[in-house]
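Here is what each chain is made of, one letter per residue.
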Amino acid sequence: MGRPHTESSPELKIKVHNGHPPPPQHRSRQGRPSRPPPPAFEPFKKWFPWLVPVIVMANIVLFILTMYYNDCPHESGRCLYADTLGRFAFQRTRENPLFGPSAKTLLKMGAMQWSAVVERKEVWRLVSCMWLHAGVIHIVSNMVSLLFVGIRLEQEFGFVRIGLLYVISGIGGSMLSCLFIRNTISVGASGALFGLLGCMLSELLTNWTIYANKCGALLSLVSIILINIAVGILPHVDNFAHLGGFLTGFFLGFVILIRPQFGWVNHKTAPPGYYAAKPKSKYKKYQLVLLMLSMFVLISGFTGGLVSLLGGVNGNDHCSFCHYLSCVSTPLWKCDDQCSAMQEGNQVILQCLGNGRSGNYTLTSQDRSSEVAQLCSSLCH
């Protein structure tokens, strides 16, 4: 018997899915698949902040070296906490209320003074003064502010751009201060700190489209800036350094903190397999306009400021109201009859905080404090 013949049946193929429908495939105009990027996708790189802590440590080390060099017990004899701190003891509060070294020590370490910068051509003091501080209170307040503001900026923009902002803003603050305050020394990182505040404002404006809560961020930042500038109307506070640093940082922020359009970054950094439409240009037109205008202001401002400073120009002679930016009289204090003084032996240099006038005097009487008060009254009136 033979094997019975049967007709061959077609094979039955069954495809089993995992219970979920396949993801839909969207196609662009060019026919390529386009999917939204994953939620964890971040177009802007986050930097590790190391420069700001290094700057803080450098300022602290320089302050310790300044106090070591000051050696109050050996130089003057009358010091605060000499038994505990030894040669690191503070000058008397009458001489330095911020618990720090003497003005003479700060000047030797690189503090800014008009006569040193202009007459002796020690232009390097415009940079060195921003690394020195007048006392413990001064350095603590500045370094806490630097950590609070600087770390966030370094995380967003990296150490190169924030380092440039810090140094250039400090120089801008020193230049404006030296143009208006001629006979007192100036130290501190306040100009550089205000530069960071200024660049935060310009960064918000030039990158306006990428922020979600625009008005809230703008109002909070402007409030912080106004409060800090208002502190500068107190006597013996170098508000010109604050304003100079702020303006420098503000215009510099339009130049080096500009961000490309989000669509351009998304197109460049999208993961493989995703398609993102490319915008027409990397930057918006208003960003480029602000960049060009800011570069012009910075170049002309620094050039004109340096030429005027080295030429011996007194800013108070060309701005009759600018002294109000440094000190404003209130029921709690008066500016008109207050003078800043630098005295060595029987020679004293006075500057009226009310009108910016200054003069060099030789003290002749035994009651020098009374004579200084009379000279100050004559200088201010």
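All figures in this text were calculated on a predicted structure; none of them were measured in a lab.

Engineer: I keep staring at the nonpolar core and nothing clicks. Help me out?
Structural biologist: As a rule of thumb, soluble globular proteins bury nonpolar side chains together. L146, L153, L165, Y166, L196 and I225 are the most contacted members of the largest nonpolar core, which totals 37 residues. The set of elements that each furnish at least two residues to this core consists of α1 (51-70), α7 (136-157), α8 (159-180), α9 (190-206), α10 (214-231) and α11 (239-256). Counting residues per element, this core draws most heavily on α9, at 8 residues. By size, the runner-up hydrophobic cluster in this structure holds 15 residues, among which are F180, I181, F240 and C319.

Engineer: What am I meant to see in unusual backbone geometry here?
Structural biologist: Where the residue is not glycine, phi is negative for most of them; where a peptide bond is considered, it is trans in most cases. Residue Y81 is not a glycine yet carries a positive backbone phi of 60°. For Y81, a relative accessible area of 52% gives the class exposed. Look at F99: it is not a glycine, yet its phi comes out positive at around 60°.

Engineer: I tried to follow the sheet that holds strand β3 (residues 339-344) on my own but got confused; where do I start?
Structural biologist: Two pairing modes exist for strands in a sheet, parallel and antiparallel, and in both the strands are linked by backbone hydrogen bonds. Strands sit in the order β3-β4-β5 across an open sheet of 3 strands; the sheet is antiparallel. Either end of the sheet is taken by a strand with one partner, and the two such strands are β3 and β5 (358-362). On average, each strand axis in the sheet is tilted by 20° relative to the strand beside it, whichever way the strands run.

Engineer: Help me out: how do you make sense of the UniProt feature "transmembrane region" (unreviewed entry) in the chain in this one?
Structural biologist: The UniProt feature table records "transmembrane region" (unreviewed entry) at residues 47-69, 130-151, 163-182, 188-205, 217-234, 240-258 and 288-313. Between the C-alpha atoms that bound residues 130-151 there is a distance of 19 Å. The span itself is 73% helix and 0% strand. Along residues 288-313 the backbone is 88% helical and 0% strand, and the end-to-end C-alpha distance reaches 34 Å.

Engineer: For this particular structure, what's the right way to read the layout of surface pockets?
Structural biologist: Summary: where empty space remains is shown by rolling a probe the size of a single water molecule over the atoms. Each pocket or cavity is described by its volume, and for the second largest pocket that value is around 350 Å³. Along its surface, the second largest pocket is lined by 16 residues, and G172, L176, T248, G301 and F302 are the ones closest to its centre. Breaking the lining of the second largest pocket down by element, the ones donating at least two residues are α8, α11 and α13 (285-310). Top contributing element to the lining of the second largest pocket by residue count: α13, with 7 residues. Considered class by class, the residues forming the lining of the second largest pocket number 9 nonpolar, 7 polar and no charged.

Engineer: It is not clear to me how α1 should be interpreted in this structure. Could you clarify?
Structural biologist: Here α1 contains 20 residues, and its C-alpha end-to-end distance of 28 Å stays within 8% of the 28 Å for a straight helix at 1.5 Å per residue. Within the sequence span of α1, burial applies to L51, V52, I55, V56, N59, F63, T66, M67 and N70. Viewed along the axis of α1, the buried residues span an arc of 155°, placing them on a single side of the element. Each element contacted by the buried residues of α1 is listed here: α2 (72-75), β2 (90-91), α4 (103-109), α7 and α8. Looking one or two places after α1, you find D71, whose phi comes out positive at around 45°.

Engineer: How should I be thinking about the packing of α7 against α9 in this particular structure?
Structural biologist: For any two helices packed against each other, one specifies the inter-axial angle together with the distance between the axes. Running from N to C, α7 and α9 cross one another at 35°; their axes reach a closest spacing of 10 Å. For the crossing formed where α7 meets α9, the hand is left-handed. Two secondary-structure elements touch here, α7 through H138, N142, S145, L146, V149, G150, R152, L153 and F157 and α9 through S190, L193, L196, L197, C199, M200 and E203. For the contact of α7 with α9, a count of residues per class yields 9 nonpolar, 5 polar and 2 charged.

Thresholds, definitions, all that
- Positions within a chain are numbered from 1, following the residues in the order the chain's sequence is written.
- Local features are withheld for residues below a pLDDT of 70 in this predicted model, meaning they are given only at 70 or higher, and side-chain atom pairs are given and counted only at 80 or more; totals for whole chains, interfaces and linings count all residues.
- Side-chain numbers come from the whole structure's heavy atoms, not from hydrogens or water.
- We define the nonpolar core as a collection of buried residues of types Ala, Val, Leu, Ile, Met, Phe, Trp, Tyr and Cys that are connected through side-chain atoms lying within 4.5 Å of one another.
- Throughout, exposure labels follow a simple rule: accessible area from a 1.4 Å probe, protein chains only, divided by the maximum for the residue type, with under 20% read as buried, over 50% as exposed, and the rest as partly exposed.
- Going along the chain from the N terminus, every DSSP run of H or I of four or more residues is numbered as a helix, and every run of E of two or more is numbered as a strand.
- Pairing between strands is defined by DSSP: at least two bridges between the two strands are required.
- All axes here are fitted lines through C-alpha atoms, helices being fitted over the stretch that makes contact, and every angle between N-to-C directions spans 0 to 180 degrees.
- UniProt positions are given in the numbering used here, feature names are shortened, and annotations may be inferred rather than shown by experiment.
- As defined here, a cavity is a set of points on a 1 Å grid over the protein atoms alone where a 1.4 Å probe fits but cannot get out. A pocket is an open set with protein on both sides within 12 Å along at least five of seven lines, and residues line them when an atom is within 4 Å of a point.
- Grid points are joined across faces, edges and corners, and a volume is the space filled by probe spheres set on the points.
- Classification convention: Asp, Glu, Lys, Arg as charged; Ala, Val, Leu, Ile, Met, Phe, Trp, Tyr, Cys, Pro as nonpolar; all other residues, Gly among them, as polar.
- By this rule the span expected of a helix is its residue count minus one, scaled by 1.5 Å.
- The arc refers to the directions leading from the helix axis to the C-beta atoms.
- By the convention used here, residues are in contact when the closest approach between their heavy atoms is within 4.5 Å.
- In a left-handed crossing the near helix is turned counterclockwise from the far helix by less than a right angle, and in a right-handed crossing that turn is clockwise.

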